[in-house]
Amino acid sequence: MIIILITLTASLCRTGCASTAQNVYQTPPDLIKNKEKSTELHCSHSILNYRLMLWYKQSENNQLSLLGYLNMDSKYPEEALRPKITLDGDGRNNGTLTLKNLQPNDSAVYFCAASQAQCCRLLCSLTKTSSFRTAQMILLLTL
């Protein structure tokens, strides 16, 4: 059985960070799923002129991985994860991360982030190794 819980709010900022976690929201507050099922994680923000929504996974060893991002209504999942995840929505306000075929190795902390992008190529290279926006986190546990 897989359990997903929102656990805390984190502030992960670099230069140019201006918003607070109260502007980025994730749901559901908790969710129970069986192995091999799918689940949706929802994110929304109310930050004017922020058009990027990024999804991250933080594994047990605290390694942070970019899963993909929405740039306005364009979807950019990481290539290796395309069979595992689906992104939907619009980076300017609401987005959904769908995790398919849940397995124990999907246990991690998941969170979304919002960003104001000046240049996508520069931003994408930065976000693969660092985070610079506030977010609520979702913890995925296995039993």
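Residues numbered from 1 in each chain as written. Predicted model: local features only at pLDDT ≥ 70, side-chain atom pairs only at ≥ 80, totals over all residues. Heavy atoms only, no water.

Draft legend 1. Summary view of the state of the cysteines. Under the counting rule described, the total for this entry stands at one disulfide. Between the sulfur atoms of Cys43 and its disulfide mate Cys112 the distance is 1.9 Å. Here the S-S torsion is close to 65°, and the disulfide linking Cys43 with Cys112 is therefore right-handed. Within this pair, whereas Cys43 is found in strand S4 (residues 39-45), its partner Cys112 is found in strand S10 (residues 108-115), the two being separated by 69 residues in sequence. Here the two residues Cys43 and Cys112 agree in accessibility, since each one is buried. (Disulfide = S-S within 2.5 Å. Helix = DSSP H or I, 4+ residues; strand = E, 2+ residues; numbered from the N terminus. Buried < 20%, exposed > 50% of the residue type's maximum accessible area, 1.4 Å probe, protein only.)

Draft legend 2. Region of the structure containing the sheet that holds strand S9 (residues 94-99). An order of S2-S4-S9-S8 is seen for the four strands of this open sheet, with the pairing classed as antiparallel. The sheet is open, and its two edges are formed by strand S2 (24-27) and strand S8 (85-90), each paired on a single side. Taken over all neighbouring pairs, the strand axes of this sheet differ in orientation by 15° on average, direction set aside. The sheet contact formed by S4 and S9 spans six bridges and is antiparallel. Within S9, the position partnered with Cys43 by the bridge is Gly95. (Pairing = 2+ DSSP bridges. Axes fitted to C-alpha atoms, helices over the stretch in contact; angles between N-to-C directions.)

Draft legend 3. Examining the pattern of salt bridges more closely. Taken as a whole, this structure holds four salt bridges when the rule is applied. Measuring nitrogen to oxygen at the nearest pair gives 3.7 Å for the salt bridge that ties Lys75 to Asp88. With Lys75 in strand S7 (residues 74-77) and Asp88 in strand S8, this residue pair connects regions lying 13 residues apart in the sequence. The exposure class assigned to Lys75 is partly exposed, which follows from its relative accessible area of 38%. Two residues, Asp90 and Arg92, come together in a salt bridge whose shortest N-O distance is 2.7 Å. Taking the relative accessible area as the measure of exposure, Arg92 reaches 40% and is therefore partly exposed. (Salt bridge = Lys/Arg side-chain N within 4 Å of Asp/Glu carboxyl O.)

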